[in-house]
Amino acid sequence: MAATSPFVLRWGIISTGGIATKFVTDLLVDPKSRDAPDVVHKITAVGSRSVEKAQEFIDTVAGGDKSIKPYGSYHDVYADKDVDAIYIGTPHTFHYVNALDAIKAGKSVLCEKPVTTNLPELRALHTAAKEHNVFFMEAMWTRFQPLSLEIKRIIDQGALGDPVVLHADLSGNFDIHNLPLTHRILDPALGGGALLDLGPYPLIWAILALYEHPKNNSTKPQISSSMLKTPLTGVDSNTSFTLNFTSSSLSAQAILTCSINLNAPNPGVIIRCTRGTIIIEPPIYCPKVYILQYHDDSGKIVREEKRVFEYVGGGWHFPADEVARCVRDGKKESEVWGWDKILLEMEIFDTIRKQNDFNLPPGVEKVL
Ligand SMILES: NC(=O)c1ccc[n+]([C@@H]2O[C@H](COP(=O)([O-])OP(=O)(O)OC[C@H]3O[C@@H](n4cnc5c(N)ncnc54)[C@H](OP(=O)(O)O)[C@@H]3O)[C@@H](O)[C@H]2O)c1
């Protein structure tokens, strides 16, 4: 029997910054190295605000491949007939406009986190994606990590009982007192602050372990939150939020925190279940190590298991593989990280911002 050829997805890359560099570096990793022989990623175009930067990116990040077209405008990438899927790596506040343009051009879209600046923007993208019948996904790479898939199986199978309390933190020390105020982590015009930039990562663990739990029946959580804002620019330096999941068969609480002026703690995620604890070491966005502690009735640890994951590349290739498979199969959303979860993410962030009177400058949010 002849072997089936791998599906080739042709990518157009929007922007040439830090995360686009990591993503493209991972697209070049041979999928066979991660047991994904069914897909091939081909970069066909790179768009930047300057054609020189696009060319430099191709030369330095994409191996100087002469077949990749450099463009000095994002629109030229959307219009390129040799592009199937668009990757968006611009700052948060541009995601909505960039994604909308790509959707209108009929392209599949993979958009960095946070997927938009607010919920109305995301709802508008949802409507547009349905109207143009295109695939759309947030590049929430954590949900596709091999460790995350394993933790999901462990929780759903109930080997440690039901989850009851989950703690997760993502902090990053950005040295904010020595950072230009125009840096995207500090600048309100670029959606700066801890919540929008780092908040998606503690949140993903609550969604994976509690929202997606079979006993939760997709019940949305109640949200309470608190913010500290830096006097530098008024964006949140430290945000904590609690999500209470109270369906008829699951009662669980997530206590989530994020900071832009601290290093990440270890452990980064602790999931306390009725018969044991799951401990996940940082970095929580692409974790490689977990420890399972099984308890007896008194809470004494009776067994401990540690597992370490390894793979080639940085881990951004996992969501790229998901996009390729969904496009190949004609799907318009991922079953793993689809519209329901990203709409919930933005609803939670909007609620937290409202509870803490955290406003972005007029005009930054394109849909209100
Ligand atoms: N998944 C992850 O692990 C991860 C990690 C870090 C960041 N992110 C997300 O990725 C996005 C970009 O973050 P980053 O750290 O890569 O940012 P970055 O290094 O500043 O790059 C952003 C790029 O966007 C383009 N851009 C377009 N308009 C811009 C403007 N007015 N100001 C600045 N840049 C503009 C620029 O590319 P051109 O000049 O080529 O047009 C720039 O290089 C953010 O939404 C962030 O949350 C994700």
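Residues numbered from 1 in each chain as written. Predicted model: local features only at pLDDT ≥ 70, side-chain atom pairs only at ≥ 80, totals over all residues. Heavy atoms only, no water.

Per an unreviewed UniProt entry, the recorded name for the chain is NAD(P)-binding protein, and the organism is Pluteus cervinus.

Turning our attention to the pattern of salt bridges. For the structure shown, the criterion picks out 22 salt bridges. Among the ionic pairs, Asp38 bridges to Arg325, the shortest N-O distance being 2.7 Å. Taken together, the positions of Asp38 in the loop between helix H1 (18-27) and strand S2 (39-47) and Arg325 in helix H9 (residues 317-328) put the pair 287 residues apart, joining distant regions of the chain. Judged by its relative accessible area of 25%, Arg325 is partly exposed. (Salt bridge = Lys/Arg side-chain N within 4 Å of Asp/Glu carboxyl O. Helix = DSSP H or I, 4+ residues; strand = E, 2+ residues; numbered from the N terminus. Buried < 20%, exposed > 50% of the residue type's maximum accessible area, 1.4 Å probe, protein only.)

This part takes up the nonpolar core. In this structure, Trp11, Ile13, Phe136, Ile151, Trp205 and Ile271 are the most contacted members of the largest nonpolar core, which totals 117 residues. Sort the elements by how many residues they give to this core and helix H8 (residues 200-211) lands first, with 10 residues. Shared between two domains, this core takes at least three residues from each, and those domains are domain 1 (7-141 + 317-337) and domain 2 (146-308 + 344-355). Those residues in contact with Ile271 that lie beyond four places of it in its chain are Ile151, Ile155, Pro163, Val165, Leu166, Ala209, Gly276, Thr277, Ile278 and Ile280. (Core = buried A, V, L, I, M, F, W, Y, C linked by side-chain atoms within 4.5 Å. Domains from an automatic or database assignment. Contact = heavy atoms within 4.5 Å.)

Turning next to helix H5 (residues 119-132). Compared with an ideal rise of 1.5 Å per residue, which puts 14 residues at 20 Å, H5 spans 20 Å between its outermost C-alpha atoms and is within 8% of the ideal. Among the residues making up H5, those that are buried are Leu119, Glu121, Leu122, Leu125, His126, Ala128 and Ala129. Contact partners of the buried residues in H5: helix H4 (92-104), strand S6 (136-138) and helix H10 (339-355). Looking at where H5 begins, the residue whose side-chain oxygen comes 2.8 Å from the main-chain nitrogen of Glu121 is Asn118. (Expected span 1.5 Å × (residues − 1). Polar contact = N/O pair within 3.5 Å; in protein donor to acceptor, adjacent residues only side chain to side chain.)

Before going further, it helps to spend a moment on the layout of surface pockets. Looking at the largest pocket, its volume works out to about 850 Å³. Every element with two or more residues in the lining of the largest pocket is listed here: H1, H4, strand S7 (163-171) and helix H7 (194-198). For the lining of the largest pocket, the element with the highest residue contribution is H4, accounting for 4 residues. Taken together, the residues of the lining of the largest pocket break down into 12 nonpolar, 13 polar and 7 charged. Each of domain 1 (7-141 + 317-337) and domain 2 (146-308 + 344-355) accounts for three or more of the residues forming the lining of the largest pocket. Its volume calculated, the second largest pocket comes out at about 250 Å³. Every element with two or more residues in the lining of the second largest pocket is listed here: helix H6 (146-157) and H9. When grouped by side-chain class, the residues that make up the lining of the second largest pocket number 6 nonpolar, 1 polar and 8 charged. (1 Å grid on protein atoms, 1.4 Å probe; cavity = no way out; pocket = protein on both sides within 12 Å on 5 of 7 lines; lining within 4 Å. Points joined across faces, edges and corners; volume = space filled by probe spheres on them. Nonpolar A, V, L, I, M, F, W, Y, C, P; charged D, E, K, R; others polar.)

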